[in-house]
Amino acid sequence: MKRLFLRFIGSRQTFLFIACSLLLTLLTTNLALADFTEPQSQQGEYLALAGNCKGCHTTLGGKPYAGGRKLQTPFGEFVTPNITPDIETGIGQWSKEDFWQAMHHGKAKDGRYLYPVFPYIEYTKVTRQDSDKIFDYLRSLPPVAQANPPHKIDPPYDNQFLLFLWRTWYFEEGVYKPDSSKSEEWNRGAYLVQGLGHCTACHTSRNVWGASQDGELQGGEIMGTFWYAPSLISPLEAGMGDWPIETVVELLSTGITNHAVTSGPMATIVRESLQHLSAADMRAMAVYLQSIGKKEIDIKKTRKIPPMPEAVRQYLAKGELIYEKHCQDCHGESGQGVSNIYPPLAGNRSVTLTSPLNTIRSVLYGGYPPSTAGNKRPYGMPPYQHIIHDTEIAQVVSYIRNAWGNLGSLVNQFDVDDSRGYEY
Ligand code: HEC
Ligand code: HEC
Ligand code: HEC
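Residues numbered from 1 in each chain as written. Chains lettered and ligands numbered in written order. Predicted model: local features only at pLDDT ≥ 70, side-chain atom pairs only at ≥ 80, totals over all residues. Heavy atoms only, no water.

(A) The environment of T372, seen in detail. Take T372: it is sitting in the loop between α15 (357-365) and α16 (390-402). Residue T372 is classed as buried on the basis of its relative accessible area, which comes to 4%. Here the alpha-carbon distance between T372 and A267, two residues 105 residues apart in the chain, equals 9.7 Å. Those residues in contact with T372, other than ones at most four positions away along the chain, are S253, T254, V270 and Q275. (Helix = DSSP H or I, 4+ residues; strand = E, 2+ residues; numbered from the N terminus. Buried < 20%, exposed > 50% of the residue type's maximum accessible area, 1.4 Å probe, protein only. Contact = heavy atoms within 4.5 Å.)

(B) Fine view of the nonpolar core. Membership of the largest hydrophobic core comes to 52 residues, with the highest contact counts inside it found for Y65, F99, I134, L138, L196 and L289. When residues of this core are traced back to their parent elements, those giving at least two are α2 (12-50), α4 (96-105), α5 (120-123), α6 (128-139), α8 (184-194), α9 (245-254) and α11 (279-292). Per-element accounting of this core gives the leading share, seven residues, to α11. When residues are assigned to domains, this core turns out to be shared by domain 1 (70-170) and domain 2 (184-292), each giving three or more. Dropping the residues within four chain positions of it, L289 is found in contact with V193, L232, M240, V248 and L252. Core analysis: the second largest hydrophobic core is formed by 20 residues, C327, L364, Y384 and I400 among them. (Core = buried A, V, L, I, M, F, W, Y, C linked by side-chain atoms within 4.5 Å. Domains from an automatic or database assignment.)

(C) Molecular detail of the coordination of the iron atom of ligand 3. Taken together, H331 (NE2) and M381 (SD) make up the protein donors of the iron atom of ligand 3, found 2.0 Å from the metal. Taken together, the six donor atoms coordinating the iron atom of ligand 3 and their angles of 88 to 179° define a geometry best described as octahedral. With a gap of 50 residues between them, H331 in helix α14 (residues 328-331) and M381 in the loop between α15 and α16 connect regions that are remote in the sequence. The exposure class assigned to H331 is buried, which follows from its relative accessible area of 10%. Taking the relative accessible area as the measure of exposure, M381 reaches 25% and is therefore partly exposed. (Donors = N, O, S within 2.8 Å, 3.2 Å for Na, K, Ca; no water. Tetrahedral: all angles 85-135°; square planar, octahedral: opposite > 155°, others 65-115°.)

(D) Geometry of the sheet that holds strand β2 (residues 76-79). Reading across the sheet, the three strands line up as β1-β2-β3 and stay open at both edges, with antiparallel pairing between neighbours. This sheet does not close on itself; its edge strands, each paired only once, are β1 (70-73) and β3 (152-153). Both β1 and β2 contribute to a ladder of four bridges, which runs antiparallel. What sits directly across from T73, in β2, is G76. (Pairing = 2+ DSSP bridges.)

(E) Molecular detail of the pairing of β2. From the end of β1 to the start of β2, which pair antiparallel, there are two residues. The pairing of β2 with β3 spans two bridges and is antiparallel. In the sheet register, E77 faces β3, and the bridge partner there is K152.

(F) Examining α16 more closely. Counted at 1.5 Å a residue, the expected span for α16 with its 13 residues is 18 Å, and the 18 Å between its end C-alpha atoms agrees. Across the 13 residues of α16, eleven count as buried, placing the element largely inside the fold. Every buried residue belonging to α16 is among D390, I393, A394, Q395, V396, V397, S398, Y399, I400, R401 and N402, and all of these are buried. Positive phi shows up at W404, right after α16, with a value of about 50°. (Expected span 1.5 Å × (residues − 1).)

(G) Layout of the packing of helix α13 (residues 310-326) against α16. Packing of α13 against α16 brings their axes to within 7 Å, and their N-to-C directions diverge by 95°. Here α16 runs roughly perpendicular to α13, going by the angle between their axes. Contacts from Y315, L316, K318, G319, E320, I322 and Y323 in α13 reach E392, A394, Q395, V396, S398, Y399, I400 and N402 in α16. Considered class by class, the residues forming the contact of α13 with α16 number eight nonpolar, four polar and three charged. (Axes fitted to C-alpha atoms, helices over the stretch in contact; angles between N-to-C directions. Parallel < 35°, antiparallel > 145°, perpendicular 65-115°, else oblique. Nonpolar A, V, L, I, M, F, W, Y, C, P; charged D, E, K, R; others polar.)

(H) Here's a closer look at the pattern of salt bridges. Counted by the stated rule, this structure contains eleven salt bridges. Here K133 makes a salt bridge to D130, at a shortest N to O gap of 4.0 Å. With K133 and D130 both in helix α6, this residue pair falls three residues apart, about one helical turn. D130 gets classed as buried once you look at its relative accessible area, which sits at 9%. Between D281 and R188 there is a salt bridge, with its nearest N and O atoms 2.9 Å apart. You can see D281 sitting in helix α11 and its partner R188 sitting in helix α8, a full 93 residues away along the chain. With relative accessibility at 8%, the residue D281 sits in the buried group. Residues participating in the shared-partner salt-bridge network are E97, R128 and D132. (Salt bridge = Lys/Arg side-chain N within 4 Å of Asp/Glu carboxyl O.)

(I) Layout of the site of ligand 3. Close to ligand 3 lie 25 residues; C327, C330, H331, N348 and M381 are nearest. Taking N348, its side chain carries an N or O atom lying 2.8 Å from an oxygen atom of ligand 3. Interatomic distance of 3.3 Å between a backbone N/O atom of P369 and an oxygen atom of ligand 3. Residue classes in the shell around ligand 3 are distributed as 15 nonpolar, ten polar and no charged. Lining the shell around ligand 3 are residues from two domains, each supplying at least three of them: domain 2 (184-292) and domain 3 (305-419). (Near = heavy atom within 4 Å. Polar contact = N/O pair within 3.5 Å; in protein donor to acceptor, adjacent residues only side chain to side chain.)

In structure tokens:
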């Protein structure tokens, strides 16, 4: 019996049998592992889209997440780092903990304070669980060996001690705390808007130190870009307190509705990030945004249109001629536009913002709404920077800000000149 058993063990079939079962066990554990990591990194991919990580960490036509994109700020030029898992040039040697340090505390692996151009002021609200998922996703990417040039930060801002002080004053660290008096959906929306969506990174006015000045999402100029990101609270700007949820979702996931359109950096956010989010998450964001928007006051009734001096009338009449010649074909005789193709200019809040920056930019550089699944081939607007002079651009911008019941400040050629050279 014993001999038989030994023979059985020693036989070739047995060897094969044992080898096969070993292989099978290995395979099944591997499968189990894959089962476990696959959704985790897929969820991570989704969350990375919600944070627009790729948008900043990729150059035009460059390898995804390999960095190298240059960001201009009043404090100098920043270059995004390589966050693929390459050992030498990426984050191949980082642990989950190191990554969490960056997302939550704004610290690099070597302990250096990171500059808040990396929006960790907002990402600090992201949960540890979500941060880990993003890390797993980044680790699943093919490593790209790409060393990027260093930042060119103007002195004295290239000083870690100053950055340390800045953080002590302005950086409030902490994961998003749900508000138990609100619905789960509202909290999900708030978490996305305040955290990964980093809407405050742009929609907030900043002091000379680049720190957020007033309440959240009150609108402000984006430093170093000549773009104005409107208030998401005020009904005179881009507040959506009175918008139906569906319209908010439509604008943010397709980039266009019949009375508004996203352009410039906002078109990029829609294209790279928001259009990829699930219907449930977009709805949650819209619920939150609707709740923070002030209700629309009847602007036309409450405001008094001041009597127009003759000189102003003449100035606007010149603008009207330019409008008829260059703009009317698309935007319509009375600025009514064409639904979901050419935005209306009459009653369009983007045109009458206190800051005329975006309107000047639209005329100088033209632009496209984002190309999205919901609006695949958007119609564009031609650039006028080489077609009409600054004086004429100023006249036509002043005209559209004050025609058809619109009311906005006048613009002169120096305002136009200031915006030149900042093509996005
Ligand atoms: C607005 C542009 C921008 C966005 C959006 C952005 N980053 Fe960055 N990120 C930067 C810049 C710039 C730096 C460099 C900061 C520094 O060196 O102080 C950086 C640094 C980092 C670092 C530190 C890398 C290192 O080598 O020290 C990590 C990790 C990182 N980002 C991950 C992410 C992730 C994950 C996301 C999305 C959730 C993201 N970033 C979104 C601009 C951005
Ligand atoms: C990189 C900077 C940036 C980020 C981040 C950003 N925005 Fe914007 N946003 C802008 C700019 C600039 C405009 C003005 C141009 C325009 O009207 O599209 C704008 C316009 C808007 C508008 C008005 C569009 C219109 O014309 O009616 C809404 C609504 C909006 N943003 C919502 C958001 C939300 C929600 C988030 C976060 C998920 C966000 N933005 C993140 C820069 C940004
Ligand atoms: C060929 C059609 C076409 C012509 C001509 C045209 N536009 Fe546009 N315009 C568009 C489209 C399309 C957009 C949306 C662009 C975007 O999202 O960046 C737009 C956007 C705008 C915006 C921004 C509106 C918003 O909601 O952000 C302004 C302001 C504007 N146009 C003014 C003008 C003026 C002034 C002229 C004439 C000098 C003109 N347009 C000529 C098609 C046109």
